[in-house]
Structures are given as C-alpha cells and as structure tokens.
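Structural characterization, general
Each chain, letter by letter, is given below.
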Amino acid sequence: MTKRTIAFTVMLAGTLAAAGPAAAHPHVWVDAKAEVVFDGKGEITAVRNIWRFDEAYSAFASQGLDANGDGKLSTDELKPLADVNVDSLKDFAYFTFITAGGEDIDFNKPTEYWLQDDGGRLILFFTLPTKAPVKAAGSIRLEIYDPTFFVAFRMIDDKDGPVVLDAAPAACTAKAFRPPDMDPAAAAALAAIPADQRDLPPELQLLTDGQTNGADIACP
C-alpha cells in the first residue's frame, strides 16, 4: 500500500475542517464516470476518468484560487490544483485498475487533465494511457476505487451510462457494477477511526474490500 503525498493528504485532511464533524472514513466522496478508449486495432489504449468531488472538499481545495475575484473559478485558475491532484494521484495508482487475462495492466502518466467548477463542485478530467495496448479478449475488468476507503467512489448514471466504450468494436459490451450498501455496523466501525489515521487496520480493511466500482468488459 503506497504512502500518500503530503500535498494531497493536507488537502484531504482539510476537508474535515471544512465539513465539520464527519466520519473518519471516508473523508472525500466522488461521483465517477469512465471512458475506456480503444484504438483502430480494437485494443484498449487509455481510460478517461471524470470525477466530481463533494461540496466540502471542493470548497476547501479551491480556497484562494479565484485570482481575478469575479466569483467564478476558471480552468486556468484551477490549473495549479489540477497539477497537484494529478501529481499526487500517481502514488495511489490513480485509483484506476484494469486486469486483463488475470494480469494487472500498467499505466503511464496522464496525457491531458484539467479541473472545472460545476456549481460549487469540482470535476477532474484526466486521460490515463496504458503502457502498452491491451488486447480486448478474455476477461477484462476495470475498477475505480480507493483500497483504503479514504476516498469513496460511486459510479454515476447518465444517458451514456457510468462506463463508456470509446471506439470499441461493435460487439464489445461493458457491464457496470457498484459497491453494495455498507452494513451499519461496518460503517460505524470505520467512523470510529481517529481522524488523523489515514490507512485502515487489517481487520477493518476486510470491511471495504467489496467497495469497488467499474465494469466487466467483453469483446468476442
């Protein structure tokens, strides 16, 4: 399990101060959508992530970034925060995981990314290229989640669905899945963790193992 960078940890920890008393885990909530990108050969070459952060995190993280004082946050004003977010996310494997044929797929650094303000909630867009094209055959699973449950992800539904296959062969399908509702006793145990404790103890890690989002992708 990787260590969190100081910059990202400070911002996430600050969410507690912005939000007031809150459960220790999770600290941040994210509505997520993913686009799986295929090349002309029908191979997977990237994942485009679209993450909308909760209001408390958005308000804290964007403090002091309205440089021209117009009451709006432009993409340019949010760029320093986008830089920090994306740089820090590499220490979490970008919370993005693909397995194909039972093997974990590695990613390169994002090729493009930006933040935008959506009515007081920040949305992070970033494209995560695979280190090598992934053959779209056999069992392929995309997962978006934080193994420590410090950040809670939830795939959203819209007209295109939570996971989109971009330029995939016509017969390819994506069956999305989401985490089940957490048992109240498990949620209470997580909430009892001290606010300064970032990682879960082993006995509580088991409670969050099923809190994953994503899709099973099949291409005949």
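Residues numbered from 1 in each chain as written. Predicted model: local features only at pLDDT ≥ 70, side-chain atom pairs only at ≥ 80, totals over all residues. Heavy atoms only, no water.

1. Here's the deal with the environment of leucine 165
Rules: Here a strand is any run of E in DSSP of at least two residues, a helix any run of H or I of at least four, and the numbering for each starts at the N terminus. Whether two residues touch is decided by their heavy atoms; if any such pair falls within 4.5 Å, the residues are in contact.
Inspection of the secondary structure puts leucine 165 in strand S9 (residues 163-166). Through-space distance from the C-alpha of leucine 165 to that of isoleucine 217 is 8.9 Å; in sequence the pair is 52 residues apart. The residues touching leucine 165, leaving out its near neighbours within four places in the chain, are Val36, Phe38, Cys172, Thr173, Ala174 and Ile217.

2. Examining the packing of aromatic side chains
Put simply, the rule is: We call Phe, Tyr and Trp rings a pair once their centres come within 6.5 Å, taking the six-membered ring for Trp, and we label the pair stacked below 30 degrees between planes, edge-to-face above 60, and tilted otherwise.
What the rule picks out here adds up to nine aromatic pairs. Measuring from centroid to centroid gives 5.0 Å for phenylalanine 97 and tyrosine 145, while their planes differ by 45°, and the two rings are tilted. Here tyrosine 145 lies in the loop between strand S7 (140-144) and strand S8 (151-155) and phenylalanine 97 lies in strand S3 (residues 96-100), a separation of 48 residues in the sequence.

3. What to know about helix H3 (residues 75-89)
The condition that has to hold: Here the bend at each residue means the angle between axes fitted to two seven-residue stretches, the one ending at that residue and the one beginning there. Residue burial is assigned from relative accessible area. The probe radius is 1.4 Å, only protein chains are included, and a residue is buried under 20% of its type maximum, exposed over 50%, and partly exposed in between.
Of all the bends found along H3, the most pronounced is centred on leucine 81 and spans about 35°. Along H3, the residues that are buried comprise Glu77, Leu78, Leu81, Ala82, Asn85, Val86, Ser88 and Leu89.

4. Remarks on the nonpolar core
Heads up, the rule is: Nine residue types can take part in a nonpolar core, namely buried Ala, Val, Leu, Ile, Met, Phe, Trp, Tyr and Cys, and a core is a set of them joined through side-chain atoms within 4.5 Å.
Val36, Trp51, Phe53, Leu89, Leu124, Leu142 and Phe153 are the most contacted members of the largest nonpolar core, which totals 46 residues. A total of six residues in this core trace back to one element, the largest contributor, which is strand S1 (residues 28-38). If near-sequence neighbours (up to four positions away) are discounted, phenylalanine 153 is found in contact with Val30, Ala32, Trp51, Phe95, Ile144, Tyr145, Asp146, Pro179 and Asn213. Phe149, Leu190, Ile193 and Leu200 belong to the second-largest nonpolar core, a separate cluster that totals five residues.

5. A few points about the pattern of salt bridges
To keep it simple, the criterion reads: When a carboxyl oxygen of Asp or Glu lies within 4 Å of a side-chain nitrogen of Lys or Arg, that pair is called a salt bridge.
Applying the stated criterion across every chain, the model contains eight salt bridges. Across the pair aspartate 83 and lysine 79 runs a salt bridge whose closest N-O atoms are separated by 3.2 Å. A residue pair is termed a helical-turn pair when its members lie 3 or 4 positions apart in one helix, as aspartate 83 and lysine 79 do in helix H3 at four residues. Looking at lysine 79, the relative accessible area reads 45%, which means it is partly exposed. Close ionic contact of lysine 90 with aspartate 87 constitutes a salt bridge, the shortest N to O distance being 2.6 Å. A relative accessible area of 36% places lysine 90 in the partly exposed class.

6. Quick word on the confidence of the model for the protein chain
Where we set the bar: For every residue, the pLDDT score states the predictor's confidence, bounded by 0 at the bottom and 100 at the top.
Of the residues in the protein chain, 84% have a pLDDT of 70 or more, and the chain-wide mean is 83. Across the protein chain, strand S2 (residues 43-53) holds the top mean pLDDT of 97, while helix H1 (residues 6-19) sits lowest at 40. Every residue in residues 1-23 is under pLDDT 50, and counting partners more than four places away or in other chains gives 47 contacts.

7. A word on unusual backbone geometry
Here alanine 93, not a glycine, exhibits a phi torsion of approximately 60°, which is positive. Topologically, alanine 93 is positioned in the loop between H3 and S3. Backbone geometry places phenylalanine 95, a non-glycine residue, at a positive phi of 55°. Position of phenylalanine 95 among the secondary structure elements: in the loop between H3 and S3. Note on phenylalanine 95: relative accessible area 2%, which makes it buried.

8. With respect to the layout of surface pockets
Rule in force here: Cavities and pockets were defined on a 1 Å grid built over protein atoms only: a cavity is a set of grid points that admits a 1.4 Å probe from which the probe cannot escape, a pocket is an open set flanked by protein on both sides within 12 Å along at least five of seven lines, and lining residues are those with an atom within 4 Å of any such point. Grid points are joined across faces, edges and corners, and a volume is the space filled by probe spheres set on the points. Asp, Glu, Lys and Arg are counted as charged, while Ala, Val, Leu, Ile, Met, Phe, Trp, Tyr, Cys and Pro are counted as nonpolar; the rest, among them Gly, fall into the polar class.
For the largest pocket, the calculated volume is near 260 Å³. Ala93, Thr96, Ile105, Asp106 and Phe107 are the residues nearest the centre of the largest pocket, which is lined by 14 residues in total. Tallying contributions element by element places S3 first for the lining of the largest pocket, with four residues. Looking at side-chain class alone, the lining of the largest pocket contains six nonpolar, three polar and five charged residues.

9. Digging into the sheet that holds strand S10 (residues 173-177)
This is how it is decided: In this scheme, strands are said to pair when DSSP sees at least two bridges between them.
Read across the sheet, five strands follow the order S4-S3-S7-S11-S10 without closing on themselves; strand pairing throughout is antiparallel. A single partner strand is all that each edge strand has here, and the edge strands are strand S4 (103-104) and S10. Here S3 pairs with S7 via five bridges, running antiparallel. Bridge pairing in S7 places threonine 96 opposite isoleucine 144.

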